[in-house]
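Structural features, examined
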Amino acid sequence: MDGLSQISQISARVLQLQSLVSGPVAGVGGVALASRPGVTAAGAAGGAAFDDVLAQELARSSSSSGSSLGASSASSSTAATAAGTLGANRVPTDLAAYGNGRIPDSALAPVGDTGKKMWGPAAAAMTKLIAAAKADGVTVGVTETYRPYDEQVQLAASKGLYSQGGLAAKPGTSEHGWGIAADLQLNGAAQAWMQRNAPSYGFQADVPGESWHWAYHPAG
């Protein structure tokens, strides 16, 4: 149903309700208000004025709602762009063409002054997270971030695959290979801080048994 139809239905309903309270009014059933028995010219003028005001207010309300929705949509779009986009299997859409573990250095960004790099939005979020933790007197250390394919192969050979009870993802499928995961050095206070605050920055500890592994999965 379009906006004009909704306004028309609302207006008709209001007029019907007014008719029940104070008698017949203009525009109901297609009969002019002034021609109905017992309705004075003043009453007719008042009803017409009421109709005009109602129509203006409904039009204004519809326009304001549309503007508000448009602004909200634009705001959401801007936020999504700033946060980056994750596609199928949580793969960054702007990195998918490169392949897991084959991301060029130019497509990554530094994580503060740690000397590590991640996918741009993840790096920015982790940098803010580290600064926020520091402000709270907590140190969040970063030991591993982006992991090239060759390093994934070496890790799988030395630590075994998850599917075989080991501690490594199948080469080419690692979250580190997309630059969205970081292995962190956390003491008890830092671990507790991460549990409370990391989701606000888009990070989740998403690998069971690996409290040090945090991946960037922004909401929305």
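Residues numbered from 1 in each chain as written. Predicted model: local features only at pLDDT ≥ 70, side-chain atom pairs only at ≥ 80, totals over all residues. Heavy atoms only, no water.

1. Focus: the overall build of the protein chain
Counting its secondary structure elements, the protein chain contains five helices and six strands. In the protein chain, the order of α-helices and β-strands from amino to carboxyl end is α-α-β-β-α-β-α-β-α-β-β. Out of the 220 residues belonging to the protein chain, those deemed buried represent 32%. Accessible surface for the protein chain amounts to roughly 12500 Å². Of this, 56% is attributable to carbon and sulfur atoms. (Helix = DSSP H or I, 4+ residues; strand = E, 2+ residues; numbered from the N terminus. Buried < 20%, exposed > 50% of the residue type's maximum accessible area, 1.4 Å probe, protein only. Areas by Shrake-Rupley, 256 points an atom, 1.4 Å probe, with all protein chains shown as cover.)

2. Some remarks on the side chain of H217
Relative to the helices and strands, H217 resides in the segment after β6 (213-216). Side-chain polar atoms of H217 contact the side chain of R90, separated by 3.2 Å. Excluding residues that lie within four positions of it along the chain, H217 makes contacts with L86, R90, E175, I180, G202, Q204 and D206. (Polar contact = N/O pair within 3.5 Å; in protein donor to acceptor, adjacent residues only side chain to side chain. Contact = heavy atoms within 4.5 Å.)

3. Describing the confidence of the model for the protein chain
A residue-level look at the protein chain finds 62% of positions with pLDDT of 70 or above and a mean pLDDT of 76. Low pLDDT (under 50) marks residues 19-48, which in the prediction has 24 contacts with non-local residues, meaning those over four places away or in another chain. Across residues 61-82 the pLDDT falls below 50, and counting only partners more than four positions away or on other chains, this stretch makes three contacts in the model. (pLDDT = per-residue confidence, 0-100.)

4. Some points on the sheet that holds strand β3 (residues 141-144)
Strands pair in a sheet through their backbones, by hydrogen bonds, and they do so in one of two ways: parallel or antiparallel. Strand order in the open sheet formed by four strands is β3-β4-β6-β5, and the pairing between neighbours is antiparallel. Edge positions in the open sheet fall to β3 and β5 (203-204), since each of these has one partner strand only. (Pairing = 2+ DSSP bridges.)

5. Considering the pattern of salt bridges
Within this structure, the stated rule accounts for three salt bridges. In this structure, D105 engages K117 in a salt bridge whose closest nitrogen and oxygen atoms are separated by 2.8 Å. Remark: K117 occurs in strand β2 (residues 117-119) and D105 occurs in the loop between α2 (41-83) and β1 (108-110); sequence separation between them is 12 residues. Overall, K117 belongs to the partly exposed group, its relative accessible area being 29%. Between R147 and E144 there is a salt bridge, and its shortest N-O distance comes to 3.9 Å. Given the relative accessible area of 29%, E144 is considered partly exposed. Among the ionic contacts, a cluster of salt bridges with common partners joins E144, R147 and D183. (Salt bridge = Lys/Arg side-chain N within 4 Å of Asp/Glu carboxyl O.)

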